[in-house]
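The residues making up each chain are set out below.
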Amino acid sequence: MNPSVHDRLSSVVRALEGVVLPALPANAALAREQAMLSIGHIQIVLAQLDATPAFEAEEVADIEAMAQAVLGLAAGGKATRAAADALRATLADSAPRPARARLEQVQDGIDAVLIALASDGDPAAQKAVSQQVLALGAARAAKDRAWFAAMGFDAGHS
Amino acid sequence: MIDTEPGLARLLEERKARRRQPPYVPQADDAVGGMLEAFLADKVPGARVSGVARLGGGASKEQFAFTLGRSDGPDQRYVLRMDPLEAITETSREREFDILKAFEGVIPVPRPVWLDAEGKIFPRPAVIMELVPGTPKPSTITLSVTGLGTVLGDPLRGLIRPQYLDMLARIHNFDWRAAHLPSYAAPTADPKQPTRWLIQFWKELLEQDAVAREPVLRLATQWLEANVPDCPDPCIVHGDFRTGNYLFDEATGKVSALLDWEMSYIGDFHADLGWLLQPVFGTRIDGVFRVSDIFEGEADFITAYEAASGKTVDPVRLRYFKLFNAWKSYILVSALGMRAAREKHNHQDVLLTFLAATGPMFVAELANLLQAEGDLP
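Thresholds applied
Residues numbered from 1 in each chain as written. Chains lettered and ligands numbered in written order. Predicted model: local features only at pLDDT ≥ 70, side-chain atom pairs only at ≥ 80, totals over all residues. Pairing = 2+ DSSP bridges. Helix = DSSP H or I, 4+ residues; strand = E, 2+ residues; numbered from the N terminus. Axes fitted to C-alpha atoms, helices over the stretch in contact; angles between N-to-C directions. Contact = placed C-beta atoms within 7 Å. Nonpolar A, V, L, I, M, F, W, Y, C, P; charged D, E, K, R; others polar. Domains from an automatic or database assignment. Parallel < 35°, antiparallel > 145°, perpendicular 65-115°, else oblique. Left-handed = near helix turned anticlockwise from the far one by under 90°.

Draft legend 1. The sheet that holds strand S3 (residues 73-82) of chain B, seen in detail. Residue and element names in this part refer to chain B. An order of S1-S2-S3-S5-S4 is seen for the 5 strands of this open sheet, with the pairing classed as antiparallel. Only two strands of the sheet have a single partner each, and these edge strands are strand S1 (48-54) and strand S4 (112-116). For this sheet the average axis-to-axis angle between neighbouring strands, irrespective of direction, equals 25°. Both S4 and strand S5 (residues 126-130) contribute to a ladder of 4 bridges, which runs antiparallel. The residue bridging Trp114 from the neighbouring strand is Ile128, located in S5.

Structure, rendered in structure tokens:
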């Protein structure tokens, strides 16, 4: 049987905790700090591992939904229309690519529309787009905060 | 070059060339000892460097403590702070040296002693300062990433509170016009210049380092540019004033040094207030939010600050700088930090990718603050 990713990463944590960390001199402050951070990092990755593909797929679905919302509201001059057309083409592009690459591709398209709206967008459309982006961005950030709650920074999600 | 403080504009240009360099190799203790002896040879003849030890904590500079033995006096401990290739901040060792010199005797700071501004002896720019005794956190806390969420607890809260306020008030009331700050430029051309310079500096960093184009960040950038407030009374802004960035004696609570001046500049004091009021720099225990784990909520802090400083807090400017600081924080952790880690240009990539997990907190904060403003882009 092949060792699973869980088995392999768990063994790395065991080695760091049981062998590497105790062997570090007490005055090796940065090395000890980084060893402990590495252990924490891997433990959280392990806890998230099985859910990661679904999490990344949802990230893509959410950014595509934001793009659709932006396209439904954006209106303005030449720059806005060109940026919106480019974003529309991006959404129609169904070539297979990793989830993170797709996420960044759509983010780039939305960013271009937001820049164009600021230059020659219809003011009412610009305001409506901003409201939608903020509402959807806040909803997405809430999911991301929950995803990273185990890191221990976020008093609102611990 | 962009419209920001001239010295910082040059810094932003110079960093572009470093992007193409190969991965950064953290400095070994032995190598640092050799560099220190070479650097100090003509400054302290006969000096002996020993006890070189890398320091933990912090998220931006390589830091080493060492002992300097000299023929004309007792041994003394110092700290070397040196830039890696890229980091979670983009700052100048020369400015850090100048501001620490200026504040010697004003508030407790580490005394800066030597500077290698251009990295002539060290591989990168470096500053050497006296090692100050003290701790940034109670000894009961075994691991605290850069002091975030540090719980001082009682009685330290009460012991540190007046010192915290006094330091901040002295910084904001410091007569920078009479001080020797050769690497700083005063934004006095018009009342918006201090904050305009600030926004352009951070916007350029975001443009250079963004690893993803977060839509909320674009809206925040547009809002900050469109709503720059007047700053009629520019003062020194520390830039990273909070619990975790000062040293104290755990037994007495006496503060021995305020650290991390690298992001300081001349600008609007509300920027420091908006920074230290961020939830990430406070604590929440049993439903009580404490600013820097000291003040019971924002109103407690503002009232105490106004009394200590003699300044009046403008709620409009404070709201602006809360938004600015959430934006700046995102740029630090999700742009500069992530870019440095991806390029392998830092000595603590694992910390940078860990800290980047705070990014969504700042996106949420920005979305909430922008939604509360009536004048959206």
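Draft legend 2. Representation of the interface of chain A and chain B. Taken residue by residue, the interface counts 35 residues in chain A and 34 residues in chain B. Elements with a contribution of two residues or more to the side of chain A that touches chain B: helix H2 (29-48), helix H5 (99-120) and helix H6 (123-147) of chain A. If one sorts the elements of the side of chain A that touches chain B by residue count, H6(A) sits on top with 12 residues. Of the residues assigned to the side of chain A that touches chain B, the class counts are 17 nonpolar, 9 polar and 9 charged.

Draft legend 3. Here's a closer look at the domain arrangement of chain A. Domains assigned within chain A are domain 1 (5-50) and domain 2 (52-149). Inter-centroid distance (C-alpha atoms) of domain 1 of chain A to domain 2 of chain A is 37 Å.

Draft legend 4. Spatial organisation of the packing of H5(A) against helix H6 (residues 215-226) of chain B. Following both chains from N to C, one finds H5(A) and H6(B) inclined at 20°, their axes separated by 9 Å at the closest point. As the angle between them shows, H5(A) and H6(B) are arranged roughly parallel. The two elements H5(A) and H6(B) meet at a crossing, and its hand is right-handed. The segment H5(A) lies against H6(B), with Gln107(A), Ile110(A), Asp111(A), Leu114(A) and Ala118(A) engaging Pro215(B), Arg218(B), Leu219(B) and Gln222(B). A breakdown of the residues in the contact of H5(A) with H6(B) according to their chemical character gives 5 nonpolar, 2 polar and 2 charged.

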